[in-house]
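Here is how the chains run, residue by residue.
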Amino acid sequence: MFPVIFLPPGKCFHLKMRIPVPGTIATSIKCSSSYILRPCQQTDYIQRRGYKKKWAKNEGSKPYTVHALNHMETFYKPVFKNLWPSIRISLLTTSKYCALLNNYNSESDKVENYLKDFGAYNAMEEAASARKKYLEKENKQILIENSSLPLDSFLDFPKRPQKKEDENDEYNNESFDETEEEAVDKIEPVVGKNTSLHDFIPTKKVFSEKELLQQQIVSTSTFSDSTVDVPIKVIQEQVPELPNSMKFFVYPKGDVSNFPNPKMKHGDLLGYYLLDATSLLPVVALDIQERDSVLDLCAAPGGKTLAMLQTLQTENITCNDESWTRLGRLRDIAKWYLGGVPSSMSVSRNDGKHFVDPLYDKVLVDVPCNTDRHVLISEDNNLFKPGRVDERLNLPSRQRDLLIAGIQSCKPGGTIVYSTCTLSPAQNDGVIQATMEHLWKETEIDSVVIDLSYLRPIFASIFSFFPETKYGQLVIPSLSSNFGPMYICKIKRIR
Ligand code: SAM
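Keep in mind it's a predicted model, so treat the numbers as computed, not measured.

**Some details on the sheet that holds strand S9 (residues 272-275)**
Pairing is antiparallel across the open sheet formed by 4 strands, whose spatial order is S6-S8-S5-S9. Here the strands that pair on one side only, and so sit at the sheet edges, are strand S6 (121-122) and S9. Examined bridge by bridge, S6 and strand S8 (residues 248-250) share 2 bridges and lie antiparallel to one another. For Tyr121, the partnering residue across the bridge sits in S8 and is Val250.

**Brief notes about the packing of aromatic side chains**
Taken as a whole and judged by the stated rule, the model has 11 aromatic pairs. Ring pairing ties together the aromatic residues Tyr76, Phe80, Trp84 and Phe466, which thus form one cluster. Over the face of the ring belonging to Trp324 we find Arg331, whose NZ or CZ atom lies 5.7 Å from the ring centre.

**As for the site of the ligand**
Close to the ligand lie 21 residues, the nearest being Asp321, Arg326, Asp351, Gly352 and Asp366. At 3.0 Å from a nitrogen atom of the ligand is found a main-chain nitrogen or oxygen belonging to Cys298. In this structure, Lys304 approaches the ligand through a main-chain N or O atom, which is 3.1 Å from an oxygen atom. When isolated, the ligand has an accessible area of 600 Å², and the protein chains bury 89% of it.

**Thoughts on the environment of Arg131**
With respect to the element layout, Arg131 can be found in helix H7 (residues 123-138). Between the C-alpha atom of Arg131 and that of Tyr454, which follows or precedes it by 323 residues, the distance is 8.4 Å.

**Here we look at the environment of Lys110**
Among the secondary structure elements, Lys110 is positioned in helix H6 (residues 108-117). Note on Lys110: relative accessible area 46%, which makes it partly exposed. Put simply, Lys110 and Gly267 are 157 residues apart on the chain and 9.0 Å apart in space, counted from C-alpha to C-alpha.

**Thoughts on the pattern of salt bridges**
Taken as a whole and judged by the stated rule, the model has 16 salt bridges. Linking Glu112 and Lys116 is a salt bridge whose minimum nitrogen-to-oxygen distance equals 3.7 Å. Linking Glu112 with Lys116, this pair stays in helix H6, spanning 4 residues, or about one helical turn. Given a relative accessible area of 12%, Glu112 falls into the buried group. Taking relative accessible area as the criterion, Lys116 reaches 40% and is therefore assigned partly exposed. Residues Lys492 and Glu237 are paired through a salt bridge, measuring 3.3 Å at the closest nitrogen-oxygen approach. Of this pair, Lys492 sits in strand S18 (residues 486-493) while Glu237 sits in the loop between strand S7 (234-235) and S8; the two residues are 255 residues apart in sequence, bridging distant segments of the chain.

**Re the state of the cysteines**
By definition, a disulfide is the covalent link that joins the sulfur atoms of two cysteine residues. Inspection of every chain in the model, using the stated rule, returns 0 disulfides. Unpaired in this structure, Cys369 has its nearest cysteine sulfur neighbour in Cys421, at a distance of 3.5 Å.

**What about unusual backbone geometry?**
A cis amide bond links Ala300 with the next residue in sequence, Pro301, at an omega value of 5°. Relative to the helices and strands, Pro301 is located in the loop between strand S10 (293-296) and helix H11 (303-310). Here the amide bond leading from Gly484 into Pro485 is cis, since omega sits at 5°, within 30 degrees of zero. Here Pro485 shows up in the loop between strand S17 (473-476) and S18. A positive phi angle, close to 60°, is found at Leu312, a residue other than glycine. With respect to the helices and strands, Leu312 occurs in the loop between H11 and strand S11 (316-321). Of note in this structure, Thr371 is not a glycine but carries a positive phi near 45°. Looking at the element boundaries, Thr371 is found in the loop between strand S13 (360-366) and helix H13 (372-377).

Cut-offs applied
- Residues numbered from 1 in each chain as written.
- Predicted model: local features only at pLDDT ≥ 70, side-chain atom pairs only at ≥ 80, totals over all residues.
- Heavy atoms only, no water.
- Pairing = 2+ DSSP bridges.
- Helix = DSSP H or I, 4+ residues; strand = E, 2+ residues; numbered from the N terminus.
- Phe/Tyr/Trp six-rings, centres within 6.5 Å; stacked < 30°, edge-to-face > 60°.
- Lys NZ or Arg CZ within 6 Å of the ring centre and 35° of its normal.
- Near = heavy atom within 4 Å.
- Polar contact = N/O pair within 3.5 Å; in protein donor to acceptor, adjacent residues only side chain to side chain.
- Areas by Shrake-Rupley, 256 points an atom, 1.4 Å probe, with all protein chains shown as cover.
- Buried < 20%, exposed > 50% of the residue type's maximum accessible area, 1.4 Å probe, protein only.
- Salt bridge = Lys/Arg side-chain N within 4 Å of Asp/Glu carboxyl O.
- Disulfide = S-S within 2.5 Å.

Keep in mind these numbers describe shape, not what the thing actually does.
Have a look at this one:
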């Protein structure tokens, strides 16, 4: 017998990954623990209609979105503990967007009023006054003056260890290789006995392919700071000014209204750009100053590039991405919001790992990641497809390589911001740790992590932060303020 579910009048609900059930009474719906009920929005309906065929093709197997959710239950729940149920439901609910004002539009003041008429407010203004209050209350200012102290004056790194010649540098398999070596060492030679193929020779354990895969999944999905054997310094720095020109409008907490899609209503260019408001945090952390040369290493489709340009400080920006198609979208954004690619901006299509020359003052490394929201709502191009398992398991090492390149391409004294839109600790703090270990062991580069915890009080009225990260800051989605996830970590290159 199927249960009958009564829904509140006027509401439309659907089961996740099932066709929405419009109306007030839903009948004959099979419920299991992996399906959840959530308010249905028009966009959900449109999104799912496109995938009917694919469900039919995969009939009998679980949707990839369910695999993704199971993965998160396994690896995120133990990290976020009692916060997990709220994060989970928020991830499964339509996310919130902010409207980033386009300063390049000749009538941006009219657009501003238009957005205010919807009941939205400029969150940057609110953050600026929160910053002021924070500095007054905490008397935190001027811990370290960026420019006045010589770069290495606060650094007292111990001597680097001698590098071993043929050290294996495989991030993914490090721990596994070590245990194998230990196991081989422990096998005692058999002396004075005839041994044949039938004799029992004890080995540590023979792993099946499935077990090896499971080990790899665990090692690439968890983060443990207990193994770190290099000095990773987390330094406090002067709280930077906020980029006040970068105005972004949000609805108050608890208000889940959407902004209409931008049209050329005012002026000749689009008036605002819709994006997750947490995408602006890496730009805030980057603290772009006039005359800074900026590298956006994984730039496409260009949301953060556009935000950086809205600070009106970027005179020289290089936008790189390895995807030609996605760079096309970046060019479209430049066309609609800036009237074309400006002379201050150069676009390149390269593997980010090839950026190794220290040419830039500020580098943004916004890496490909688990994309937690996407994998929970869309079957299309889902990272949890069996065919993409290698790609998924290689993400932390790919992210680490991109971050290393980002640091190498930054001038000594410059700063790098690493960001992801996943909650995965392995892809967040884990990558920072692996990068710092690599730089320490394999290069002459010295760098420190800059403490960004001042962002929490400044943006407390807009975002919810997870207090237990080790190196960076993590915004967690919440129902009243459904932005994120977004992880950001700032690194300063010393030499
Ligand atoms: N920063 C972008 C924005 O705000 O719109 C989003 C970047 S998205 C999270 C990650 C990007 O990294 C993708 O566009 C992808 O094509 C690019 N990417 C992946 N691997 C790369 C590599 N090895 N080198 C450069 N870009 C890469």
